[in-house]
Structure formats: structure tokens, C-alpha cells
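Here are the chains, one letter per residue:
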Amino acid sequence: MHPQLTPESADAWMYLYDYLVALPAWKCRLVKSGKTLCMLIVHNVAGRRLAADEMPETLMVERRFPIAQLPQFVTLEGASASVLYMQPATPADQPGYDEFIEYLTTRDRVGLGV
């Protein structure tokens with residue numbers, strides 16, 4: 001991941017755009033509990049790099065769990081998992097995206113997608 005993107009840095013967001021536009025990206029549908037929430041633009045920011053034919057048309061968030069438990073489910077060592085940065089594809093997708101992010105942040109959770 002970009003060395004300037006640390007949670008401790010209040011201005012880390014300023015470095016994000018230039019970093020993201022250089023990464024592979026694709027559009028996909030975000031689905032949680034069988035419900036389509038929005039369309040996303042997804043960037044593969046860390047971990048295993050997804051090949052073009054591995055980029056899903058639908059990202060189903062199958063599991064949600066406390067952030068503290070993340071190391072029990074996913075490891076970036078050996079590049080077994082991909083870390084994705086997601087953003088709404090259009091302004092019309094913003095409400096569904098915001099709902100999903102609010103769900104995760106208010107419960108201190110992360111989503112595991114398949």
C-alpha cells in the first residue's frame with residue numbers, strides 16, 4: 001500500500017487520488033444479504049493482485065465481523081487475499097454505498113467479500 005496512507009495521518013486522503021488512478025480498477029455490483037446496494041468502482045490496493053478475468057461483476061459481502069478479528073480470517077502474507085478500495089460508481093450509487101459504510105463503521109466491522 002502507498003507509504004503515505006496511514007490511519008495516523010489526518011491528510012492521507014490527499015494522496016489517495018494519484019495513487020488510485022494508477023491501479024487497475026473495474027465496476028461491480030455490491031451485494032449484502034442478497035440485496036444490491038449500489039454499483040462500485042473498485043481498486044485493488046494491496047495484497048494479491050487480481051487479473052482482469054478474476055475481477056468479479058458482483059461483490060457479495062458474505063461475512064461481516066469485528067475489525068479485531070480480521071487477522072483470524074485474512075492474511076496478506078503470501079498474498080492470499082486482496083485488499084480493495086471501493087467508491088460509488090455514480091452519484092446515484094452514493095446512498096447505498098453510504099448505508100453500507102455506515103453499517104460497518106458504526107459496528108466497528110469489516111466486510112469479507114467473495
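For the structure given in this document, a descriptive report is provided here. (Residues numbered from 1 in each chain as written. Predicted model: local features only at pLDDT ≥ 70, side-chain atom pairs only at ≥ 80, totals over all residues. Heavy atoms only, no water.)

**Some thoughts on helix H3 (residues 94–106)**
Its 13 residues place the ends of H3 18 Å apart at the C-alpha level, agreeing with the 18 Å of an ideal helix rising 1.5 Å per residue. Residues of H3 that are buried include every one of Gly96, Tyr97, Phe100, Tyr103 and Leu104, and no others. In a view along the axis of H3, the buried residues occupy a sector of 125°, so they form one face of it. Seen from the open side of H3, the exposed residues pointing more than 90 degrees away from its buried face are Pro95, Glu102, Thr105 and Thr106. One or two positions beyond H3, positive phi appears at Asp108, with a value near 55°. (Helix = DSSP H or I, 4+ residues; strand = E, 2+ residues; numbered from the N terminus. Expected span 1.5 Å × (residues − 1). Buried < 20%, exposed > 50% of the residue type's maximum accessible area, 1.4 Å probe, protein only. Arc of directions from axis to C-beta.)

**Topic: the nonpolar core**
Within the largest apolar cluster, 16 residues are counted, with the highest numbers of intra-cluster contacts made by Trp26, Cys28, Leu30, Leu40, Val42, Met86 and Phe100. Of all elements in the fold, only strand E1 (25–32), strand E2 (35–47), strand E3 (58–66) and H3 reach the threshold of two or more residues within this core. Once residues within four sequence positions are removed from consideration, Met86 is found in contact with Leu40, Ile41, Val42, Leu59, Tyr97 and Phe100. By size, the runner-up hydrophobic cluster in this structure holds six residues, among which are Leu16, Tyr19, Leu23 and Val45. (Core = buried A, V, L, I, M, F, W, Y, C linked by side-chain atoms within 4.5 Å. Contact = heavy atoms within 4.5 Å.)

**Description of the environment of Ile41**
The topology assignment puts Ile41 in strand E2. For the pair Ile41 and Leu84, spaced 43 residues apart in the sequence, the C-alpha separation amounts to 9.9 Å. When near neighbours in sequence (up to four residues on either side) are disregarded, Ile41 contacts Ala25, Trp26, Lys27, Tyr85, Met86, Gln87, Pro88 and Ala89.

**Some thoughts on the side chain of Asp93**
Inspection of the secondary structure assignment puts Asp93 in the loop between strand E4 (82–88) and H3. If we ignore the near neighbours within four places in the chain, the residues touching Asp93 are Cys38, Met39 and Pro88.

**Overview of the pairing of E1**
Of the strand pairs in this sheet, E1 and E2 are connected by eight bridges, and their pairing is antiparallel. Considered in E2, the bridge of Cys28 is made with Leu40. Between the antiparallel neighbours E1 and E2 lie two residues, among them Ser33 with a positive phi of about 55°. Relative to E3, E1 is paired through four bridges, and the arrangement is parallel. Looking at E3, one finds that Leu30 is bridged to Leu59. (Pairing = 2+ DSSP bridges.)

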